[in-house]
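One-letter residues, chain by chain:
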Amino acid sequence: MTSTSQPQRHASTPADDLLGDDDLMDADEPVIPRSIVDSNEPVTSEEALELHRRGRPGKIEVTPTKPLATSRDLSLAYSPGVAAPCLAIQADPARAYEYTAKGNLVAVISNGTAVLGLGNLGALGSKPVMEGKAVLFKRFADIDGIDLEVDTEEVEAFINCVKLLGPTFGGINLEDIKAPECFVIEQRLRELMDIPVFHDDQHGTAIIAAAGLINALDLTGRSITDARMVINGAGSAGIACAELIKAMGMPHGNVTICDTKGVIYQGRTEGMNQWKSAHAVPTDDRTLADAMRGADVVMGLSAKGAFSNEMIASMAPNPIIFAMANPDPEITPEDAKAIRDDVIIATGRSDYPNQVNNVLGFPYIFRGALDVRASTINDAMKIAAAYAIAALAREEVPEEVTAAYRGRRLRYGPDYMIPTPFDPRLITHVPAAVAKAAVESGVAMKPIVDFERYRHELRSRLDPTASRMQLIIDRVRAHPKRVVFAEGEEEKAISAALAWRNGGLGMPILVGREERIRATAKGMGQSSLDGIEIQNARLSPHNRLYADFLYERQHRNGLLFRDCQRLVNQDRNVFGACLVACGHADAMVTGLTRRYNTVIKDIRLVINPLPRKRMFGVTIIIARGRTVFIADTTVHELPDPEVCADIAIQTAEVASSMGFVPRVAFLSFATFGNPRISKAARVRDAVRALDERQVDFEYDGEMTADVALDPELMALYPFCRLSGPANVLIMPALHTAHISAKLLQQLGGGTVIGPLLIGLEKPVQIVPMNATVSDMINVAALAAHDAQAAEAATAAG
């Protein structure tokens, strides 16, 4: 969806004659960011293509929610059993929400006439974007999105197609349809359908911009009824901004819209249509410069450089600027603040404060609308979403969010008036506000009675792992680290180093022969390794230092000095570990070419476990909306009860650091003494050992895996101390942990992080030999994050 090159936005083709002559095209409309993808973070085309091609092509799949293993299962789910819900729905159509997935299903529909900044790519060309939008629905709001690409540019044909598909879905998200056709399509579909229809390119931008405006007006002591605003850009987003902000209370005469031909004033005939005419105002202003003179607010939905220094200087005191053209705003914050220091500014870019990002809105708006079975998304719901987002920016920001943003304190003010896209509180604040507005405005078919309970349900919908990983990566980006990729001559290591560099995460260090590394990179199509450090172990100026360091550690363990010299010169794991141990790098990733046990022996020559800590492995499995932490998957063959208790404590700390409330289950083939077999006693003893530690998390055992994970089975044991399914699974032996993790990885269809090496004095991670580049970046980020934590702990004394 992004690449290192930023193509110019193509002009759209003219509208059908029945719509009238119109220059209200996408040339007037910026590429507003509609996803979490950062257009300012370099991502190569090769990386993007590889992601979309790897494994099962694309980004989505259909997974059944009911068992289909036996003929009885199939008979219940399909013929003849399926006849029962069919007849029930025929008798009462509302039962479709009870017996089918309709209530959580949103269609992401486009004809590809205005795809991102790429212009008219056609229906099929838009499919990767629509799949991506469907993924965002799932990622942020647990909504099942299905992409539909409709191969027509005829308005009536498009409307008829979507209308006829209506019974399938709980909501319709229109996407990347050029103006002015998008206005007609959305308006007609809203009239024809009894489910929410929402064109995110219009309303998503308007809602987030309105949220920012609410707070900007508050910060400057203005009232929405008195402020005067200019909107530059009369595309779909510009018109939607005007309509929403007027609906919120700004008088019609206080809003001036400009397009490529100047001010839209009453009596103008050139380039006009019904949507522009609705916003024409009586004024003598004819140019953007005229309109901005004395204005309190200006919203740019146009093009780079549209706001000149003179325009900004001519605005009222404490001017409010929304420069939302993307990737380059109408004016940059630094340029605006150089002109006058009283400016408040928001942009569409993530590298500046106050990003107008649609992902703050559409997932949560649909979540609230679906949960009350709203028949539409009306102005009351949009306004409620804007105020909920604005209110969130005024609350105290969680530490895990603040820490990700270059160490600056996110506190309500001119540089923080719009929440960040990864704020975990969005899922509870925005849907609840939207649902409440739907109920109060009379469009909810399933009103919510207990909103506190509803917020709790919203909170439980999303697993914190994904957002926590992103926050960790953001935190590393804010405090870049030097990370060693020990197998530097491998293609995957080079790709990981490039991704680390391109992501602004720090300085990657490739260990290997420089000529081999450069030749491999050239064969990969990468001619430049600027920003990447290459260390040849044999030629390093630190060889003697590292050999002395290793000899001091190992001379009483059978190694001669020449043995230490040879290891430093020839073993890249030893050399890389020395880089970290001696402070020349912050963290290390290895494992692509050697087995785990071999690598860990190399590392242990150089780096010790933490005092009073166990060294072990944790594998994180993310599948079907659930995350479990499995330990120990790498080190202890048959841990005794005390070791198991230590591993439980440290794994609970890992889970807590990822945003979970740990619930620890000690697993066995027995459950609370049944069957009474002697080998289960070791697990029971581990629970008793933990009883003596006075820990602050839930734990219990021994129990089987199904009891630990299935609340219905757990309910058979009312004395069990776990309040819900376990998310930390302590295995009785290395072989059970390793086999379980590998089986889940290969058969579970989920995401695996790790195994993570826990308990070393310095951050080193060992990836499996079949690790992907993404796997390497994830563990590198975790290792770099551990390095940051260690630095912070040292600084704190």
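Preceding this section is the structure that the text describes.
Note that the structure is predicted; figures quoted are calculated from it, not measured.

## As for the overall build of the chain
Stage number 1. Regarding its fold elements, the chain presents 32 helices and 21 strands.
Stage number 2. A compact globule built from 797 residues would reach a C-alpha radius of gyration of about 28 Å, and the chain, at 29 Å, matches this within 12%.
Stage number 3. Seen along its three principal axes, the alpha-carbon backbone of the chain occupies a region of about 95 × 70 × 50 Å.
Stage number 4. For the chain, the proportion of its 797 residues judged to be buried stands at 54%.
Stage number 5. Partitioning the contacts of the chain with sequence separation of at least 6, the portion at a separation of at least 24 is 71%.
Stage number 6. Of the roughly 34100 Å² that the chain leaves accessible, carbon and sulfur atoms contribute 53%.
Stage number 7. Positive and negative charge centroids in the chain, built from 82 and 99 side chains respectively, lie 6 Å apart.

## Remarks on the pattern of salt bridges
Stage number 1. A full pass over the atoms with the stated rule returns 43 salt bridges.
Stage number 2. For arginine 53, the salt bridge goes to glutamate 50, with nearest N and O atoms at 3.3 Å. Here arginine 53 pairs with glutamate 50, and both are found in helix α1 (residues 45-53), just three residues apart, close to one helical turn.
Stage number 3. What makes arginine 53 exposed here is its relative accessible area of 53%.
Stage number 4. Ionic pairing is found between aspartate 342 and arginine 340, a salt bridge with its closest N-O pair at 2.9 Å.
Stage number 5. Among the charged side chains, a network of salt bridges with common partners joins Lys127, Glu131, Asp147 and Glu149.

## Considering the side chain of glutamine 788
Stage number 1. As for its placement among the helices and strands, glutamine 788 is situated in helix α32 (residues 773-795).
Stage number 2. Sequence-distant contacts of glutamine 788, that is, excluding residues within four places in its chain, are made with Arg475, Val476, His479 and Lys481.

## Regarding helix α18 (residues 426-440)
Residues three or four positions apart in an α-helix share a direction because the helix packs 3.6 residues into each turn.
Stage number 1. Over its 15 residues, α18 runs 21 Å from end to end, which matches the ideal 21 Å to within 8%, given 1.5 Å per residue.
Stage number 2. When we look at burial in α18, the residues that qualify are Leu426, Ile427, Thr428, Val430, Pro431, Ala432, Val434, Ala435, Ala437 and Ala438.
Stage number 3. At the exit of α18 stands glycine 442, carrying a positive phi of roughly 80°.

## A few points about unusual backbone geometry
Stage number 1. Following alanine 631, the chain continues into aspartate 632 via a peptide bond in cis, with omega recorded as -5°.
Stage number 2. Summarising the element assignment, aspartate 632 is placed in the loop between β16 (626-631) and α27 (641-657).
Stage number 3. The omega angle of the peptide bond from glycine 754 to proline 755 is 10°, so this bond is cis rather than trans.
Stage number 4. Located in the positive-phi region is arginine 612, a residue other than glycine, with phi close to 60°.
Stage number 5. Mapped onto the elements, arginine 612 comes out in the loop between α26 (596-606) and β15 (616-623).
Stage number 6. A positive phi angle, near 50°, is found at phenylalanine 672, a position not held by glycine.

## A closer look at the packing of helix α6 (residues 127-141) against helix α15 (residues 362-371)
Stage number 1. Their axes nearest at 9 Å, the elements α6 and α15 cross at an angle of 70°. By the angle between their directions, the pair α6 and α15 is classed as roughly perpendicular. Once α6 is placed against α15, the crossing between them reads as right-handed. Contact with α6, carried on its side by Lys133, Leu136, Phe137, Phe140 and Ala141, involves Phe362, Pro363, Tyr364, Phe366 and Arg367 of α15 and no other residues of that element.
Stage number 2. Looking at side-chain class alone, the contact of α6 with α15 contains eight nonpolar, no polar and two charged residues.

## Description of the environment of isoleucine 600
Stage number 1. Along the chain, isoleucine 600 falls in helix α26.
Stage number 2. Linking isoleucine 600 and alanine 433, residues 167 residues apart in sequence, is a C-alpha distance of 51 Å.
Stage number 3. Beyond its immediate stretch of four places on either side in the chain, isoleucine 600 contacts Met615, Val635, Leu757 and Ile766.

## Regarding the nonpolar core
Stage number 1. Residues Ile172, Met299 and Phe322 are the most contacted members of the largest nonpolar core, which totals 112 residues.
Stage number 2. It is helix α9 (residues 200-219) that contributes the most residues to this core, ten residues altogether.
Stage number 3. In this view, isoleucine 172 contacts Ala107, Ile109, Val162, Met193, Ile195, Pro196, Val197, Phe198 and Phe366; residues no more than four positions away in its chain are not counted.
Stage number 4. Formed by 63 residues, the second largest nonpolar core is a distinct cluster that contains Phe485, Ile517, Leu690 and Met776.

## Details of the pairing of strand β1 (residues 105-110)
The two faces of the sheet receive side chains in turn, since in a regular strand these alternate between them.
Stage number 1. Among the six residues that make up β1, six are buried, leaving the element largely enclosed by the rest of the structure.
Stage number 2. Residues Leu105, Ala107 and Ile109 line one face of β1 and the alternating positions Val106, Val108 and Ser110 line the opposite face, and both faces are buried.
Stage number 3. Bridge count between β1 and strand β2 (residues 144-149): six bridges; the pairing is parallel. In the sheet register, valine 106 faces β2, and the bridge partner there is glycine 145.
Stage number 4. Relative to strand β3 (residues 171-174), β1 runs parallel, the two being bridged by four bridges.

## A word on the side chain of threonine 152
Stage number 1. In this fold, threonine 152 is placed in the loop between β2 and α7 (155-165).
Stage number 2. Aside from chain neighbours lying at most four places away, what touches threonine 152 is Asn111, Ala157 and Phe158.

What counts, and where the lines are drawn
Residues numbered from 1 in each chain as written. Predicted model: local features only at pLDDT ≥ 70, side-chain atom pairs only at ≥ 80, totals over all residues. Heavy atoms only, no water. Helix = DSSP H or I, 4+ residues; strand = E, 2+ residues; numbered from the N terminus. Rg over C-alpha atoms; globule rule 2.2 N^0.38 Å. Buried < 20%, exposed > 50% of the residue type's maximum accessible area, 1.4 Å probe, protein only. Contact = heavy atoms within 4.5 Å. Areas by Shrake-Rupley, 256 points an atom, 1.4 Å probe, with all protein chains shown as cover. Lys, Arg positive; Asp, Glu negative; His and termini not counted. Charge placed at Lys NZ, Arg CZ, Asp CG, Glu CD. Salt bridge = Lys/Arg side-chain N within 4 Å of Asp/Glu carboxyl O. Expected span 1.5 Å × (residues − 1). Axes fitted to C-alpha atoms, helices over the stretch in contact; angles between N-to-C directions. Parallel < 35°, antiparallel > 145°, perpendicular 65-115°, else oblique. Left-handed = near helix turned anticlockwise from the far one by under 90°. Nonpolar A, V, L, I, M, F, W, Y, C, P; charged D, E, K, R; others polar. Core = buried A, V, L, I, M, F, W, Y, C linked by side-chain atoms within 4.5 Å. Pairing = 2+ DSSP bridges.

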